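One-letter residues, chain by chain:
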Amino acid sequence: MLLALVLLGVAGALFAGLTVVMLWPRLPDLNDVTDYRPDLPLRVYTADGTLIGEFGVQRRAVIHYDQIPPLLKQAVLAAEDARFFEHGAIDFAGVARAALADFGAGGAVQGASTITMQVARDFYLSPEKTPLRKLVETLLAYKIEDTLSKEQILDRYINQVYLGQRAYGFAAAAQVYYGKPLQQLSLAQMAVLAGLPQAPSAYNPQSSMKLAVWRQHYVLGRMLALHDITRAQYEQALAAPLDVVSGQGSLHYSLNADYAAEAVRQIMVARFGEAAYTDGYKVTTTLVDKDQAAADAALRSGLLAYDQRMGWRGPEGHVDVPASGNLLKLAARTLRRMHDVGGLAPAVVLQASPRHVEVMLRDGTVQTIGGAGLKFCYRGLLPRAPAALRIGPGSIVRLERGATGLMIAQVPRAQAAFVSLQPQTGAVQAWVGGFDFIHDKFDHVNQAYRQPGSSFKPFIYSAAVAEGLAPTTIIDDSPIAINPGPGQPLWQPHNYEKHSLGPMPAAVALARSDNIAAVRVVLAVGVPYARYHASQFGLPLDQIPPYPTMVLGAGSFSPLQMARAYSVFANGGYLVQPRLVDKIVDAHGAVIYQAPKQALGSADAPRIISQGNAFLLTQMMQQVIRSGTGAGARVLGRQDLAGKTGTTSDFRDAWFDGYDHDRVGIAWVGYNQPRSLGRGEQGAAVALPIWIQYMRQAAAGDPDQPWAPPPDVVQVPVNPATGFASIGSYAVPDAVEGYFLQQYPPLDPSAASLVQPAGFSFGSLFGHPSATPAAPAAAPPQAPANPTRTAPLPARPSSYVILPSLTR
């Protein structure tokens, strides 16, 4: 019997040896491990280096061994292979321990795979459990141990192991489960991640918090037993909050810039195809963290404020509870499938009364809301509340965290956009395409083409300035009627207040957003010329209607187009190209694209209006803020702000387009399917508060620099009632300093001749007899490709245009 056993052992050894001899040459090459080049996703960063987006089939972030937090290494080894640095490819002591445990339990309860064996499995083998696969895994482990150092093996494991939610490696898992870099995790959070390799789906903290915490306690206990941490660290970690982010498998970032990241993804896929998702490109954008955070917070705050003015619409949904059902369990199940929308967390109501509402949050905690937290939804808590508004047990609501605690809110139905450019370079500093990207992926910054309302007027006034208009030029806003053509009813533009104020300076007309005055301006310069001039600001000509209504914003433009156009005023007359991508780096760190700098005045940023024209328009738009429709911005206490409100018919779109020396910010609010925002919901009421909040944060600490007159502008005292120069015997005590283009100084009232020059007429601005209200207008000429005046304008004073109204 002894001889038989010996022979059997020898035969087994020979068979095993033969098997090894046969399998060893067939083992795969270790290039995948030694020359580690995993598929790496596309990553998008701000100019400050903050990660804002990641796109790829696998979520992976390779981190160098020296950058791995020591506590994470210890946590991983404590959970998976405590003797990793002491044994070879196989831990025979561990195998014996596992065999005893399995024998005692009557089944497999404890594994004996080392980290090296797991690396072999993760890189080369399938997860099937067969004796042959286990033998190959063991042989590969020996081959790996013979090729790589222990540190290299642990490095591959930490970067390669699957941790659930498409996250490969601990750096990617940190972003998925906690929304921040691995180096910023606490010991408690690292212990949760270290417990995931054994069963990622079972210990997922986003879906199975109780099991995740149980596994975390095991990892911390092992670290304590191995003297990796002290008793104090252990106790502190057990009590520490985990702050797991919501959303099953959604990536979370410290800075919300999903719309901008998606725009970059589209650019990269158009350039590199599917390789954009696997070749590890890193894109640095022009976004500035401070500006992006300010824009995102301002847009959400502004939309929520508008939505609350519209009133409570009722719960978002309802959890149906059978008579024998458990509301707590059903609520927990429902909340696991929901995510935050624009920072509003979902909750299920457990109990409700007019004074208190008890809700369950996604993490299973129960909170009681009362007082100011119920003010918005109070109608739904009344005993006789309509069924659509009523809040009761099982109602699904949204919670907003305010200064006084939790408040019941609701997801706005309206949408908004905010974009900010650096006017000298075209660099996009902030890009927020909507309230929440997951909720609505349509990017309103560059995909929504909406009527700009009165925010289009500055481009027409700029055309008039080029023809001699000045901020102090007097414009009559008496009613006017225009005959659009045979058989068509007269068009009679009117002001928002439905009444006229008579003659007023051009700057006041723009500040008050006077529609009749604006129509007189576009008629004076001519529709074809005005349309062409506006197109020079980067606004496509085919989006500008060839009718006088263009001055009231009848075209359609995206917020990004409007930002580019307004940059011309802010930078002194140059048309810059907006740019979001600053640099692209490949997986090896080589720069494969660097955005060229746009030199003002070059072919990339040509001058389209004179410096003086830009200055005079800025002066006029500063008056919008000082005393006009944008007066709400005076709360910022700055003297360098300029801008223009915009509101379309029936309050369908609300805009505020404003700027200082360093930022052009465009705010838009409206519905995806255009409909009224509500009576009185103008640009000043809806969009301007978003712009103000953004500027309050983004421009904090920036110097308040006045706009200096350029060389082609002269400053002359003028009579505010006439626009004439206030000089000599015609000087008036209430004269104001007026700015004029150098070639168009104000009229000297003592001049011998006050004859209006030929070749150009501002008559329709001021009720000239040749443009009597309600008189049929001649059919407008076709606009040439590059409309210009048919004859050069004679040198003339810009105030001559008031003469017809004075002489009548």
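Going by the structure above, here's the rest.
What comes next concerns the included structure.

About the cut-offs
For every chain, the first residue of the written sequence is number 1, and numbering continues from 1 onward in sequence order. The model is predicted, so local features are restricted to residues of pLDDT at least 70 and side-chain atom pairs to those at 80 or more, both for listing and for counting; the totals for chains, interfaces and linings are taken over all residues. Side-chain measures were taken over the full set of non-hydrogen atoms in the model, leaving aside hydrogen atoms and water. Relative accessibility thresholds used throughout: buried, under 20% of the residue-type maximum; exposed, over 50%; partly exposed, between the two (1.4 Å probe, protein chains only). For the purposes of this entry, the term helix denotes a DSSP run of H or I that reaches at least four residues, the term strand denotes a run of E that reaches at least two, and both are numbered from the N terminus. Only strands that DSSP links by at least two bridges are regarded as paired with each other. A 1.4 Å probe that fits into a set of points on a 1 Å grid over the protein atoms alone but cannot get out defines a cavity; an open set with protein on both sides within 12 Å along at least five of seven lines defines a pocket, and lining residues are those with an atom within 4 Å of a point. Grid points are joined across faces, edges and corners, and a volume is the space filled by probe spheres set on the points. Only Asp, Glu, Lys and Arg are considered charged in this grouping, and only Ala, Val, Leu, Ile, Met, Phe, Trp, Tyr, Cys and Pro are considered nonpolar; every other residue, Gly among them, is considered polar. Salt bridge, as applied in this entry: a Lys or Arg side-chain nitrogen positioned within 4 Å of an Asp or Glu carboxyl oxygen. By the criterion applied in these results, polar contacts are pairs of N or O atoms within 3.5 Å in which, for protein atoms, one can donate a hydrogen and the other can accept it, and in which residues neighboring in sequence qualify only through two side-chain atoms. Note on contacts: a residue pair is in contact if any heavy atoms of the two residues lie within 4.5 Å.

### Section: the pairing of strand β2 (residues 51-55)
Inference 1: Burial within β2 is extensive, with 5 of its 5 residues counted as buried.
Inference 2: Bridge analysis of strand β1 (residues 42-45) against β2 gives 4 bridges, and the strand direction is antiparallel. Its bridge partner lying in β2, Arg-43 is registered against Glu-54.
Inference 3: If you look at the hairpin formed by β1 and β2, you'll find 5 residues sitting between the two strands, and Gly-49 has a positive phi there, around 85 degrees.

### Concerning empty space enclosed by the protein
Inference 1: All told, the structure shown has 3 cavities of 30 Å³ or more when counted by the stated rule.
Inference 2: Taken as a whole, the largest cavity encloses approximately 70 Å³ of empty space.
Inference 3: Considering the residues around the largest cavity, the lining is formed by 13 residues, among which Asn-256, Asp-258, Tyr-259, Asp-296 and Val-432 are closest to the centre.
Inference 4: Among the elements of the structure, α12 (258-272), α13 (289-310) and β13 (428-432) are those that each provide at least two residues to the lining of the largest cavity.
Inference 5: Considering each element in turn, the lining of the largest cavity owes the most residues, 3 residues, to α13.
Inference 6: Each residue belonging to the lining of the largest cavity can be placed in one class, and the counts come to 6 nonpolar, 3 polar and 4 charged.
Inference 7: In this structure, the second largest cavity occupies an estimated 50 Å³ of space.
Inference 8: Tallied by class, the residues present in the lining of the second largest cavity amount to 1 nonpolar, 3 polar and 4 charged.

### Digging into the pattern of salt bridges
Inference 1: Under the defined criterion, the tally for this structure stands at 18 salt bridges.
Inference 2: A salt bridge links Arg-300 to Asp-436, with the nearest nitrogen and oxygen atoms 3.9 Å apart. Of the two residues, Arg-300 is situated in helix α13 and Asp-436 in the loop between β13 and α15 (457-466); the sequence distance between them amounts to 136 residues. Exposure class is identical for Arg-300 and Asp-436. Each is buried.
Inference 3: When the shortest N-O distance is used, the salt bridge between Asp-653 and Arg-450 registers 2.9 Å. Residue Asp-653 is found in strand β19 (residues 653-659), and its partner Arg-450 is found in the loop between β13 and α15; the two are separated by 203 residues along the sequence.
Inference 4: For Asp-653, a relative accessible area of 4% corresponds to the buried category.
Inference 5: The network of salt bridges with common partners includes Asp-291, Arg-663 and Asp-702.

### Notes on the side chain of Asn-719
Inference 1: By the secondary structure assignment, Asn-719 is in the loop between β21 (713-718) and β22 (736-741).
Inference 2: In this structure Asn-719 comes out as buried when scored by relative accessible area, which is 15%.
Inference 3: At 2.9 Å, the side chain of Asn-719 forms a polar contact with the backbone nitrogen of Ala-721.
Inference 4: Setting aside residues no more than four positions away along its own chain, Asn-719 makes contact with Phe-724, Ser-726 and Val-732.

### Overview of the environment of Leu-72
Inference 1: For Leu-72, the position within the fold is in helix α3 (residues 70-80).
Inference 2: Assessed through its relative accessible area of 0%, Leu-72 is described here as buried.
Inference 3: Distance in space between the C-alpha atoms of Leu-72 and Ser-186 is 9.6 Å, their sequence separation being 114 residues.
Inference 4: If near-sequence neighbours (up to four positions away) are discounted, Leu-72 is found in contact with Phe-170, Leu-182 and Met-190.

Distances and angles like these do not, on their own, reveal function.
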